[in-house]
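Structure at a glance
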Amino acid sequence: MVRNLTRLLTLAVLSVGLSFGLYYFYRTPQAEIDLRAEKEKTKKLQAYVQRLTDEKRVAQLLVTGQRKENGVLVTDVLFQEIGRDGTTIKPGRSFTVRGNLVYVTALSIRFKQSYMEENNPLRGHGIVLFDRIFGDAQVPSDAPRIDDPNDVPAFYRADVDNKDAAEAIKFEQNLWKNFWRLVDDKQLREKEGVEVATGKASYQPMIPERLYRVTVDARGNPTMDWEPVPAIYLEALRNAAATREVKAPGKP
């Protein structure tokens, strides 16, 4: 009887061992697959969050001159766009604005979130067209334009491969051309994968010795902040002002 009991216990142990063996044999590969899938999902999520926190377009504004004309503050501003590597994208442009507050307006297009999650080359980030710059003592419709609405800002051309550049340019040109239709036409927004199309503005009083920074995030939202102008810039501005005074007509 003891012998039979021993045999039964042995068979039971072997049976349990075999069951666990079979379970892990079939279960482990699936667990590994699930783990790999979860890691891949986490990696994509981290990349998505990184794209959300990345700064996209950046422009700097520097006061190069300021004076009063007929009781109105007049400010000369240098507008310079900066690339992702910290270098200038194209030559800066000078603007003269009237008023105590300086506005930088923009047309902003934000695509549906699913495009950003999949890092779609055309719709994987919000896009912004810098529209106009003006002071609060000016009529906005008379203010000069910053970006050309018939072209794609150079900043966004770097987001696509060369083989896709022509498609991207055509795609964005069409969006800017029909921007106000996108604002009003929900069906058109649905067709183009656009979630929101709207005008936005950033503004602050422009004060000499401050370097202003307009930043557009990955969702197409512009903000404006400032920091003290580096000393080397200030010295260059002072030298330029002194040179203009010496060369001014009527000066002895």
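Residues numbered from 1 in each chain as written. Predicted model: local features only at pLDDT ≥ 70, side-chain atom pairs only at ≥ 80, totals over all residues. Heavy atoms only, no water.

Along its length, the chain carries seven helices and eight strands. Going through the 252 residues of the chain one by one, you find that 33% of them count as buried. For the chain, long-range pairs separated by at least 24 residues make up 57% of all intrachain contacts whose partners lie at least 6 apart in sequence. Of the roughly 16000 Å² of accessible surface on the chain, 55% is carried by carbon and sulfur atoms. (Helix = DSSP H or I, 4+ residues; strand = E, 2+ residues; numbered from the N terminus. Buried < 20%, exposed > 50% of the residue type's maximum accessible area, 1.4 Å probe, protein only. Contact = heavy atoms within 4.5 Å. Areas by Shrake-Rupley, 256 points an atom, 1.4 Å probe, with all protein chains shown as cover.)

Time to look at the nonpolar core. By size, the foremost hydrophobic cluster in this structure holds 19 residues, and its most contacted members are L61, F79, V104, F130, I133, I146 and M206. Taken together, the elements giving at least two residues each to this core come down to β1 (55–69), β2 (72–82), β3 (93–98), β4 (102–111), β5 (127–135) and β7 (210–217). Apart from the residues lying within four places of it in its own chain, the contact partners of I146 are F79, R93, F95, V104, F130, D131, R132 and I133. Core analysis: the next-biggest nonpolar cluster, separate from the first, contains 15 residues, I109, L122, I127 and F171 among them. (Core = buried A, V, L, I, M, F, W, Y, C linked by side-chain atoms within 4.5 Å.)

So, about unusual backbone geometry. Residues other than glycine seldom take positive phi values, yet N70 does so here, at roughly 55°. Structurally, N70 is set in the loop between β1 and β2. Despite not being glycine, E209 has its phi angle at roughly 70°, a positive value. Note on E209: relative accessible area 48%, which makes it partly exposed.

Side-chain direction in a regular strand flips from residue to residue, so the side chains alternate between the two faces of the sheet. With seven bridges joining them, β7 and strand β8 (residues 222–228) adopt antiparallel strand pairing. Opposite V214, over in β8, you have M224 as the bridge partner. (Pairing = 2+ DSSP bridges.)

By the criterion of burial, β5 is predominantly enclosed, with nine of the nine residues buried. As paired strands, β4 and β5 are joined by seven bridges and run antiparallel to one another. Paired with V104 across the two strands is I133, which belongs to β5.

Right, let's talk about the environment of L188 for a bit. Structurally, L188 can be placed in helix α6 (residues 186–192). L188 gets classed as buried once you look at its relative accessible area, which sits at 12%. Linking L188 and N178, residues 10 residues apart in sequence, is a C-alpha distance of 9.4 Å. If sequence neighbours within four positions are ignored, L188 has contacts with R181 and L182.

This part covers the confidence of the model for the chain. Per-residue confidence for the chain gives a mean pLDDT of 77, with 69% of residues at or over 70. Summarising per-element confidence for the chain, the mean pLDDT is lowest in helix α1 (residues 2–53) (52) and highest in β3 (95). Across residues 8–14, where pLDDT falls below 50, the model places zero contacts with residues more than four positions away in sequence or in other chains. (pLDDT = per-residue confidence, 0-100.)

Attention shifts here to the packing of aromatic side chains. Counted under the stated rule, the structure contains seven aromatic pairs. Look at F79 and F130: their rings are 5.6 Å apart centre to centre, the planes differ by 80°, and that puts the pair in the edge-to-face class. Of this pair, F79 sits in strand β2 while F130 sits in strand β5, placing them 51 residues apart in sequence. Pair check on accessibility: F79 and F130 agree, each one buried. Plain terms: the ring middles of Y103 and Y203 are 4.5 Å apart, the flat faces sit at 25° to each other, and that makes the pair stacked. (Phe/Tyr/Trp six-rings, centres within 6.5 Å; stacked < 30°, edge-to-face > 60°.)

Okay, the sheet that holds β4 next. With respect to topology, three strands assemble into an open sheet ordered β5-β4-β6, the strand pairing being antiparallel. Every other strand in the sheet has two partners, leaving β5 and β6 (194–204) as the edge strands with one partner each. Averaged over neighbouring strand pairs, the angle between their axes works out to 15° when direction is ignored. (Axes fitted to C-alpha atoms, helices over the stretch in contact; angles between N-to-C directions.)

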